[in-house]
Amino acid sequence: MNRSTACVGCAGWSLPRDEWPHFPESGTHLQRYAARFNAVEIDSSFYRPHRHKTYQRWAASVPDDFRFAAKLPKNITHTRRLREVEDALAAFLDQVTGLGGKLGCLLVQLPPSLAFDRTTAQAFFSDFRDRHDGGIACEPRHASWFGDSADALLKRHRIVRVAADPACVPQAATPGGWTDMVYHRWHGSPRMYYSAYGADELDALANNASAHSARGTQAWCIFDNTALGEATRNALGLIARLQNGA
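Residues numbered from 1 in each chain as written. Predicted model: local features only at pLDDT ≥ 70, side-chain atom pairs only at ≥ 80, totals over all residues. Heavy atoms only, no water.

Undergrad: Tell me about the overall build of the protein chain, and please be specific about residues and values.
TA: A tally of helices and strands in the protein chain yields 8 helices and 10 strands. Viewed in the frame of its principal axes, the protein chain has a C-alpha envelope of about 50 × 40 × 35 Å. For the protein chain, with 246 residues in total, the buried portion stands at 52%. Long-range contacts, defined here as pairs at least 24 residues apart, represent 71% of the contacts in the protein chain between residues at least 6 apart. Within the structure as shown, the protein chain displays about 10,900 Å² of accessible surface, and the carbon and sulfur contribution to it stands at 49%. (Helix = DSSP H or I, 4+ residues; strand = E, 2+ residues; numbered from the N terminus. Buried < 20%, exposed > 50% of the residue type's maximum accessible area, 1.4 Å probe, protein only. Contact = heavy atoms within 4.5 Å. Areas by Shrake-Rupley, 256 points an atom, 1.4 Å probe, with all protein chains shown as cover.)

Structure follows, in structure tokens:
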């Protein structure tokens, strides 16, 4: 994928019925989704494992320039809280590498209760980097992750800090960590997973993504406000703005 092209999509490829006219009638849900979007975030990998050949099948069904982000399993981030996860991480990476060159990024979403601990974070991200050289984004949700120490650690390991909406603290709304990529995760605001974003918000995101792309920084824009299908509508709206030169 050209680094000047923003990766735009949703958390999952489910399509709301009232948006079906905007997509091809034939093909699997993923194939129809990939006809309009160039990226998707695999959220289901957080809840359950998928076989290597399942990832291979998904990769084979989308265009060459399509990219997947995959969310690390809950067992690693929430249950074990980044500790003693070497075997679990190795198993996940073995599965997800079935995506081949269409694997664009791995997402580490941390629980809101997980405070920054330098020793734990250093051990986890160092091991992660030794095992995986591709894109990694981290979405921390505890205020302690937004200080200089945590930011420096993320930069050292080439980890992008997600720019999230709504933001748990003001700093969470802007990208942090490694600066060679940005990863926006918009969950819906004011009601998470439900609320749609308006024209002004999409205009601002389009301008931001375009500015990063113009500088050669790959920009990911993922909508997670999927409960009522607003993610699909917002992602289509963002693509229209980017195509119109926002």
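Undergrad: So what's going on with the pattern of salt bridges? Which residues, and what values?
TA: When charged atoms on two side chains of opposite charge get close, those side chains can pair. Taken as a whole and assessed by the stated rule, the structure comprises 11 salt bridges. Residue R161 is joined to D151 by a salt bridge in which the shortest nitrogen-to-oxygen separation is 3.5 Å. Of the two residues, R161 is situated in strand β6 (residues 160-161) and D151 in helix α6 (residues 148-156); the sequence distance between them amounts to 10 residues. Of the two residues examined, R161 and D151, each falls in the buried class. Here R241 makes a salt bridge to D203, at a shortest N to O gap of 2.6 Å. Of this pair, R241 sits in helix α8 (residues 230-243) while D203 is found in helix α7 (residues 199-214), placing the two residues 38 residues apart along the sequence. Its relative accessible area of 32% is what places D203 among the partly exposed residues. Connected through salt bridges with shared partners, the residues D18, E19, E230 and R233 form a single ionic network. (Salt bridge = Lys/Arg side-chain N within 4 Å of Asp/Glu carboxyl O.)

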